[in-house]
Structures are given as structure tokens and as C-alpha cells.
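Reading the structure
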Amino acid sequence: MSKVEEFEELRPLLFSIAYRILGSVGEAEDAVQETWLRFDNSATRPTSAKAFLSATVTRISIDVLRSARVRREEYVGPWLPEPLLSDPYQDPERSAELADSVSMAALLLLERLSPLERSVFVLREVFAFGFDEIAAAVGRSEAACRQLLVRARRHIRAGRPRFEADRQERQQLATRFFDALKNGDVGGLQNLLAADVQLVGDGGGKAPQLARAVVGAENVARLLASVYPLMARIDVTFEPREINGEPGAVFHDRDGKVLHILALDVLDGQVQTIRSVINPDKLGHLGPVADAWAIDQEVKQARRQKNRTRP
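This write-up is about the structure you can find in this document. Treat the numbers as computed from the prediction; the structure is a model and nothing was measured. (Residues numbered from 1 in each chain as written. Predicted model: local features only at pLDDT ≥ 70, side-chain atom pairs only at ≥ 80, totals over all residues. Heavy atoms only, no water.)

Look at helix 12 (residues 292-309): 26 Å from first C-alpha to last across 18 residues, which is about the 26 Å you get at 1.5 Å a residue. Buried residues in helix 12 make contact with helix 11 (217-233) and strand 5 (258-267). For helix 12, the side-chain oxygen to backbone nitrogen distance between the N-cap and Trp293 is 3.1 Å, and the N-cap itself is Asp291. (Helix = DSSP H or I, 4+ residues; strand = E, 2+ residues; numbered from the N terminus. Expected span 1.5 Å × (residues − 1). Contact = heavy atoms within 4.5 Å. Polar contact = N/O pair within 3.5 Å; in protein donor to acceptor, adjacent residues only side chain to side chain.)

Here's what the structure looks like:
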């Protein structure tokens, strides 16, 4: 194969590695593009294109993550990963495992790790690379990589939930959740939420966002049931989609532009966390982005009109 053909065949894998390390679609795409440039400019043809390209994209991602950590510390409000609708890397035998590794909950757990720990964990636990390949990718000895993996596993285990729902159960619950949301059904929503459920929003200071996480089934249910009917009045719609391997939905304004996404973290038969990304910088890869500030003003106007018409 030509260099271009080799690279394109491996592009889905390279993106999937970079996204899991970075939690950003745009940064992952940039890392993959930089990997191509280095491959194309290489004077010699590597024995294994997969090993060379995987190592290159990993090293680039580590460097990007180190600088991104500083920006995330200064981020306005909670930071959430950029939503991913579909993972381009397909492995039918490991599809459930791959989907779980890209969930928002998993990516937020990975944020606890150092860039090296995160990279070693991703390469070994998600993509089953050998320690010799990992060592070459991160520039550490195999023994050091094993120690990095031990530490990473310890951090991840400490944050993992005790119970996990199967995918069919998650989808069925999500269907009931979005039906209740559409109908503004407070009781229906509350029955699906864990007692200590959290609603977390990521606006990054660039869109209307919650001042803080909303906690508790009654509080979250009342907020959702009060807001969505008002959004529906101004022709905001939503399309159920899988978000980062989890049940969720993409919301659109009347012109079909992307307003925000919701992702549901479903465990033990209940919604444990609802994550909303409305920061326009994190939605551009999904399509044209709506003006969230204008929508917010329309929702407030719809609320005032509703209050005036009450008997």
C-alpha cells in the first residue's frame, strides 16, 4: 500500500487513541493530522506503520494534554469532554468495551491520571498494546510502564461504580426518560432518577449555564420538566442519539442548528448523572451551532407569557 492508504486504514484507530487521551474531538483530529505530517515527511518507511503511527499520535497527544491541563484548570465552570456521536474504530468482538471506555464517566475518571498514566492505560486496557509497544510510544521502560499501569488501575478502580447496567437496560430507561421530558412529567422523571442524581452543565462561560450542579431527584426533575416544555414552545427539538456510547440526545433550534447535548449515566436501573454540553466550542463538529444566548432569551420570554396567561 501507499503511505496514504496505510495511514487512512489506521486513521480510525489513531483518532480513537487520541480522543481517549485528550477528551477533545478537535484536539484529537489535530493530533491525527500532525501524525500524518510526520509520517509523510519521514525519510524511511517504518517496519510497522501501526506501531509508528500509534506511538507518534500518543506522544503528540501527551504533549497536547500537558498544555491542555493548564487551560482546564482555568475553565469557567465544570469541564466535560467534547461529545462524540460515534467512535470510528470498530471491533465487533469488543464493541461494548470500547463504548464504555469512551463514555463521559470514563473520560472524567481518566482526567484524574497524569498524561503518562492516562496514555499507558488507554494503550493497554483499551487497545491491548504490548508493553514493548507502549514503552516505545511513551518513552519509558517496560518496567516503568507496568508501574504506571498499576497506578492508573488503582485510580480508576477507586472511581468506578459498583453496579453497571447492560446496554439494553440503559436504552429502555433512556426512552422512558426522554418521553417524560417531552411531556414535562415531573413524577415520571423523578421515578427514573437516583435520589442523589446530579445535573451538570458545561457552558465554559460561552453559553448560558447552571451556576452549579443541581442535585437530588426532585430538584432535577422539576428543573427539567419546567424548562423543556418552554423550549418546545419556541420549536426546540431533540433527537435521541448515543453520546459517547451512552444514551442521550442532541437538541436543535428551529433552524436545525445544534443547541446542546444531554448524556445519561445509567447505573443500577436509575439515572445517576445527567451531563449537558452547551459550550459552542465543543459542538461545532456536530454541525452548525445555535445561538444559545438568543434561545435563552426566548425561553425567558415564553416563561413570562405563560405566567401572564395563568388564571
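Next comes the rest of the description.
Now for the layout of surface pockets. Put simply, the second largest pocket is a space of about 610 Å³. Sort the elements by how many residues they give to the lining of the second largest pocket and helix 12 lands first, with 6 residues. Split into classes, the residues belonging to the lining of the second largest pocket amount to 16 nonpolar, 4 polar and 4 charged. (1 Å grid on protein atoms, 1.4 Å probe; cavity = no way out; pocket = protein on both sides within 12 Å on 5 of 7 lines; lining within 4 Å. Points joined across faces, edges and corners; volume = space filled by probe spheres on them. Nonpolar A, V, L, I, M, F, W, Y, C, P; charged D, E, K, R; others polar.)

This part takes up the packing of aromatic side chains. The description of an aromatic ring pair uses the distance of the two centres, along with the angle that the planes make with each other. All chains considered together, the criterion is met by 10 aromatic pairs. Judged by centre distance (6.2 Å) and plane angle (70°), the ring pair of Trp36 and Phe39 falls under edge-to-face. Residue Trp36 and its partner Phe39 are located together in helix 2 (residues 25-41), separated by 3 residues, close to a single helical turn. Neither Trp36 nor Phe39 differs from the other in exposure class; each is buried. Look at Phe39 and Phe52: their rings are 5.8 Å apart centre to centre, the planes differ by 40°, and that puts the pair in the tilted class. Here Phe39, found in helix 2, pairs with Phe52, found in helix 3 (residues 49-73); they are 13 residues apart in sequence, far enough to count as distant. These aromatic residues form a ring-pair network of at least three members: Phe177, Phe178, Tyr228, Phe238 and Phe251. Across the ring face of Phe129, the terminal group of Lys50 is positioned such that the distance to the ring centre comes to 5.4 Å. (Phe/Tyr/Trp six-rings, centres within 6.5 Å; stacked < 30°, edge-to-face > 60°. Buried < 20%, exposed > 50% of the residue type's maximum accessible area, 1.4 Å probe, protein only. Lys NZ or Arg CZ within 6 Å of the ring centre and 35° of its normal.)

Even without glycine at this site, Ala128 takes up a positive phi of about 55°. Along the chain, Ala128 falls in the loop between helix 6 (115-126) and helix 7 (131-138). Taking the relative accessible area as the measure of exposure, Ala128 reaches 57% and is therefore exposed. We note that Asp268 has phi near 50°; this positive angle belongs to a residue other than glycine. Within the element layout of this structure, Asp268 appears in the loop between strand 5 and strand 6 (270-277).

A separate point is the pairing of strand 3 (residues 237-243). Across 7 bridges, the pairing between strand 3 and strand 4 (residues 246-252) is antiparallel. Bridging across to strand 4, Glu239 finds its partner in Val250. Where strand 3 folds back on strand 4, the antiparallel hairpin that results is connected by 2 residues, among which Asn244 adopts a positive phi of roughly 50°. (Pairing = 2+ DSSP bridges.)

Along strand 1 (residues 193-202), 7 of the 10 residues are buried, which leaves the element largely enclosed by surrounding structure. In terms of strand pairing, strand 1 meets strand 6 through 6 bridges, oriented parallel. Residue Gln198 lies in a different strand from strand 6, and its bridge partner there is Thr273. When strand 1 meets strand 2 (residues 214-215), the two strands line up antiparallel, connected through 2 bridges. Looking at the pairing, Leu199 lines up with Val214 of strand 2.

Attention shifts here to the environment of Phe129. Mapped onto the elements, Phe129 comes out in the loop between helix 6 and helix 7. Sequence spacing of Phe129 and Ala51 is 78 residues, and the spatial spacing of their C-alpha atoms is 9.4 Å. Residues contacting Phe129, with those up to four places away along its chain left out, are Ile17, Lys50, Ser54, Leu123, Arg124 and Ile134.

Under the criterion given, the structure shown has 21 salt bridges. With a closest N to O distance of 2.9 Å, Arg11 and Glu8 form a salt bridge. Within this pair, Arg11 and its partner Glu8 are both found in helix 1 (residues 3-22), separated by 3 residues, close to a single helical turn. Between Glu117 and Arg151 there is a salt bridge whose closest N-O contact spans 3.1 Å. (Salt bridge = Lys/Arg side-chain N within 4 Å of Asp/Glu carboxyl O.)

Next up on the list: the side chain of Thr35. Within the element layout of this structure, Thr35 appears in helix 2. A polar atom in the side chain of Thr35 sits 2.8 Å from the backbone oxygen of Ala31.

Once that is clear, we can look at the sheet that holds strand 2. Read from one edge of the open sheet, 6 strands run 2-1-6-5-4-3, paired in mixed fashion. Two strands close off the open sheet at either side, each with one partner strand: strand 2 and strand 3. Here strand 4 pairs with strand 5 via 5 bridges, running antiparallel. If you follow His252 over to strand 5, its bridge partner there is Val258. Where helix 9 (residues 167-183) meets the sheet, its contacts fall on strand 1, strand 3, strand 4, strand 5 and strand 6, and the angle it forms with strand 5 comes to roughly 130°. Of the strands in this sheet, strand 1, strand 2, strand 3, strand 4, strand 5 and strand 6 are in contact with helix 11, which crosses strand 1 at around 50°. (Axes fitted to C-alpha atoms, helices over the stretch in contact; angles between N-to-C directions.)

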